[in-house]
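Examination of the molecular architecture
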Amino acid sequence: MATPENSFLKSLFFGQIREDYIFPYPKPKAETAETVGMITDTIDKFGKDIVKSAVWDELAAMPIEVVEQMAAMGLTGIGVPEELGGLGLPQTGYARVMQQIASLDGSLAVTLGAHQSIGYKSLLLFGTDEQKKRFLPRLASGELIAAFCLTEPSSGSDAASIQTRAELSPDGKHYIITGNKLWITNGEIAKFLTVFAKTEVVENGEKKDKVTCFVIELPSEGVSHGAREHKLGIRASWTNAIHLDKVKVPVENIIGGVGYGFKVAMGILNHGRLGLAAGCVGVAKNAIKASIEHANEREQFKKKIGEFGMIKEKVARMVMNNYVAESMVYMTTHFIDRGDMDYSMESAAAKVFCSEMLWETVDENIQIWGGNGYMKEYPYERWLRDARINRIFEGTNEILRAFVALSGMQGPGQELAGLAKAIQHPLKGLGVVTEFATRKVKQNVFGETISKAHPRMKKLAGFLEEHTLELSQEVVTLLRRHGKEIHLKQFAQKRIADIVIDLYAMYCTLSRVTASIEEKGEAACEMEIAIAESFFMKANRRVRGNFKAMSRNEDELMKLIADKSYELGSYPYDVFKA
Ligand code: MYA
């Protein structure tokens, strides 16, 4: 059964709609809004004077002075408590500032994001008071720039498979770390590394290797970096390999305890993915503005191109998707700010949705700009190149889809396993079975209802009630069919993840539009209602399609094509050859 610790999305897998988690749509605190307003104004002014995106992109470098100027504006310590020298913004404020920075320049956003979304986040989330005092003031001021060192040549999506090792010194005072880290943002400029390495731990009398998180302050003997990588986009950001050769790290620099590094890494990424998602919203707003400008100016066939239906459809879709993306980001940052224990699935869902929304938006912007969009003279091709990485880093969208599906099914899976055990002991298990059966019958007959949506949104709420019930039933069917093998069923995982991401997008939108109508009245919310209704129609079609395809699909044929292709090693057909 869903427990109070279960997040909104985890509860959804049990068919439970935790309305009180998502209604009313969160409003930033006045104090946060005021500080954010001041910072974003400063960023906009600063941007015009200092940011030279086209030049930086061409040179694949930006001057380090720009980072120093950012630091002088407080932008290297956005989430650091004020008493430790930072701006002390909560996650919602942090995300809004990242959104603005990303709208300035992709490389700059990645540099500042890698520094504080993930680089020193370990301290904020898991550091001791002593560690925070020792490092945070210098990180907030930009004296130390941070980097997050998890990825390795043989460990990308499979983060637990890292090879870097940390051995305890005979006197127990240090760890000696050796290994190689790959594609480390800020690798060349960082003076503070958050490094993940395997250490030996003893659990229940048994020796095991587990991940531990360390911080390394530079300069430090044995640490070096590789040459700067050349990239498709975000070209002016620093990306390097980091080599660790018998680096001596004091035990006081362990974050979160020996053997707890995997939890530390995941905790950091749950925050980082939201910073990235917010950045995507910022860039998408730029692209939408550019598209609208061109739609209103460019004439063809004696008409503004914006008057043509195909352009209207594109602009409307861009606006609609960005509204939904924004609703997901700030709902999820609110979960963090109010102290929820778990928002990992919501954060992953927002990352996937926002990065794909941005990709579609920058692509359609180029289409609206036509030939000009493809030319270096305009920034649009760079926006496209810069946007591409968001679907890859901080967890590829594929691994995050698998995570959303499997993490959501874990609870119902455990419940079913418990039930199976209880059935083997009918007397002892009677209570468990009866409780489960009563709940299921109730749920299957009535489903859960949404009472907090505005009456104008009743029909939309109805879609969600229906789909939530179907999700919980589909999950049980899948788990009964595959059991533990569900870990290997990625075609099904993708469908479940796509359904859940769409449902989360719809729930966040429903809550936000409800709040707007309640505040401003229906007449003033005509556009927001249209956004919600059009998004729900589209998402509804996708969700229905995905449910249907759970049982009727072409998966086996697709596997056959892939397997044969792997065997052959390339595309095997040519119309000119037999
Ligand atoms: S940094 C590199 C990013 N790398 C990744 O994201 C790695 C992706 N891989 C994973 O996340 C994990 O390995 C997966 C787990 C998910 C595949 N929260 O058995 P398990 C728990 C909380 O499933 P695995 C970069 O790119 C799980 O419940 N807990 O593990 C930055 C379980 O717990 P328990 C979690 O199969 C670049 C345990 O862990 C989470 O090994 C710079 C084991 O789970 C979670 N999320 O794989 C970016 N996941 O044992 C700068 C798992 O208790 C960007 N668990 O049941 C700046 C932005 C700029 C904006 C720009 C805008 C244009």
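Residues numbered from 1 in each chain as written. Predicted model: local features only at pLDDT ≥ 70, side-chain atom pairs only at ≥ 80, totals over all residues. Heavy atoms only, no water.

Thoughts on the overall build of the protein
Our working definition: Helix and strand labels come from DSSP, where a helix needs a run of H or I of at least four residues and a strand needs a run of E of at least two; each type is numbered from the N terminus. Radius of gyration: C-alpha atoms only; globule rule: 2.2 Å multiplied by the number of residues to the exponent 0.38. Accessibility here uses a 1.4 Å probe with only protein chains present; expressed as a share of the type maximum, an area under 20% marks a residue as buried, one over 50% as exposed, and anything in between as partly exposed. Note on contacts: a residue pair is in contact if any heavy atoms of the two residues lie within 4.5 Å. In these tables, accessible area is a Shrake-Rupley quantity obtained with a 1.4 Å probe, and a residue counts as shielded only by the protein chains included in the view. Positive residues here are Lys and Arg, negative ones are Asp and Glu, while His and the chain termini are left out of the count. Taken as the charge centre is NZ of Lys, CZ of Arg, CG of Asp or CD of Glu, depending on the residue.
Helix and strand content of the protein: 19 helices and 10 strands. Computed over the C-alpha atoms, the radius of gyration of the protein is 25 Å, within 12% of the 25 Å expected from 2.2 N^0.38 for a compact globule of 578 residues. Its C-alpha atoms put the protein at 80 × 70 × 65 Å along the principal axes. In the protein, buried positions account for 53% of the 578 residues. Across the protein, contacts joining residues at least 24 apart in sequence account for 76% of those joining residues at least 6 apart. Working note: accessible area of the protein is about 27,500 Å², and carbon and sulfur atoms make up 56% of it. Measuring between centres, the 71 positive side-chain charges of the protein sit 4 Å from its 73 negative side-chain charges.

Regarding empty space enclosed by the protein
Here is the rule we go by: Of the grid points, spaced at 1 Å and generated over the protein atoms alone, those admitting a 1.4 Å probe that cannot get out make up cavities, while open sets with protein on both sides within 12 Å along at least five of seven lines make up pockets; any residue with an atom within 4 Å of a point is treated as lining. Grid points are joined across faces, edges and corners, and a volume is the space filled by probe spheres set on the points.
Tallied over the entire structure, the rule returns 1 cavity of 30 Å³ or more. Here the largest cavity defines a volume of roughly 40 Å³. Taken together, Ser53, Trp56, Asp57, Asp105, Ser107, Arg235, Ala236, Arg382 and Asp386 make up the full set of residues lining the largest cavity. Those elements that place two or more of their residues in the lining of the largest cavity are helix H4 (53–59) and helix H13 (380–388).

Structural notes on the domain arrangement of the protein
Short version of the rule: Domain delimitation in this document rests on an assignment produced automatically or drawn from a domain database. Criterion for a salt bridge: a side-chain nitrogen of Lys or Arg within 4 Å of a carboxyl oxygen of Asp or Glu. Definition of a polar contact: a pair of N or O atoms within 3.5 Å, with one able to donate and the other able to accept a hydrogen when the atoms are protein atoms, and with sequence-neighbouring residues admitted only if both atoms are side-chain atoms. Throughout, the ten residues Ala, Val, Leu, Ile, Met, Phe, Trp, Tyr, Cys and Pro are labelled nonpolar, Asp, Glu, Lys and Arg are labelled charged, and all others, Gly among them, are labelled polar.
For the protein, the assigned domains are domain 1 (30–141), domain 2 (146–263), domain 3 (272–398) and domain 4 (404–556). Centre-to-centre separation of domain 1 and domain 2, based on C-alpha positions: 23 Å. Across the contact, 26 residues belong to domain 1 and 23 residues belong to domain 2. If you look at where domain 1 meets domain 2, you find 2 salt bridges. In this structure, the connection of domain 1 to domain 2 is made through 11 residue pairs in polar contact (both at pLDDT 80 or more). When residues in the side of domain 1 that touches domain 2 are grouped by element, the largest group, 8 residues, is from helix H7 (residues 106–119). Across the side of domain 1 that touches domain 2, the residue classes break down as 14 nonpolar, 8 polar and 4 charged.

Let's talk about a negative patch on the surface
Selection criterion: Each patch is assembled from residues with relative accessible area greater than 30% and no salt bridge, linking like charges that lie within 9 Å and nonpolar side chains (Val, Leu, Ile, Met, Phe, Trp, Tyr) that lie within 5 Å.
Taken together, the side chains of Glu31, Glu34, Glu82 and Glu83 define an acidic patch exposed on the protein surface. Within the secondary structure layout, Glu82 lies in the loop between helix H5 (64–72) and helix H6 (91–104). Residue class for Glu82 comes out exposed when judged on its relative accessible area of 60%.

What to know about the site of the ligand
The condition is simple: Residues are labelled near a given molecule or strand when at least one of their non-hydrogen atoms is within 4 Å of it.
Around the ligand sit 29 residues, and of these Ser157, Asn270, Arg273, Glu394 and Gly395 come closest. Contact between the ligand and Ala159: an oxygen atom at 3.3 Å from a main-chain N or O atom of the residue. The side chain of Lys263 places a nitrogen or oxygen atom 3.0 Å from an oxygen atom of the ligand. Alone, the ligand offers 1,300 Å² of accessible surface; in the complex the protein occludes 74% of this. When contributions to the shell around the ligand are tallied by element, the ones reaching two or more residues are H7, helix H10 (261–297) and helix H14 (397–424). If you tally residues by element for the shell around the ligand, the top one is H10, at 10 residues. Looking at the shell around the ligand residue by residue, the class counts come to 15 nonpolar, 11 polar and 3 charged.

Regarding the side chain of Asp105
For Asp105, the location among the structural elements is in the loop between H6 and H7. In this structure Asp105 is buried but unpaired, with Arg382 as the nearest side chain of opposite charge at 4.7 Å. Among the polar contacts listed, one links the side chain of Asp105 to the backbone nitrogen of Ser107, at a separation of 3.0 Å. Once residues lying within four places of it in the same chain are set aside, the contact partners of Asp105 are Val51, Ser53 and Trp56.

Considerations on the packing of aromatic side chains
For the record, the criterion: A pair of aromatic rings is counted whenever rings of Phe, Tyr or Trp (Trp by its six-membered ring) have centres within 6.5 Å, and the orientation is called stacked for planes under 30 degrees apart, edge-to-face for over 60 and tilted otherwise.
Tallying each qualifying case throughout the model produces 11 aromatic pairs. Consider the rings of Phe135 and Phe192, whose centres lie 5.2 Å apart with planes at 75°: the pair is edge-to-face. Here Phe135 is found in helix H9 (residues 129–140), whereas its partner Phe192 is found in strand S4 (residues 192–203), with 57 residues between them in sequence. Classification of Phe135 as buried rests on a relative accessible area of 1%.

Re H9
Inclusion rule: Expected helix span is given by 1.5 Å per residue-to-residue step, counting one fewer step than there are residues.
In this model, H9 (12 residues) spans 16 Å end to end at C-alpha, consistent with the 16 Å of a helix rising 1.5 Å per residue. The elements touched by buried residues of H9 are H7, helix H8 (121–126), strand S1 (146–149), S4, strand S5 (206–217) and strand S8 (254–255). Remark: Gly142 follows H9 within two positions and exhibits a positive phi of approximately 85°.

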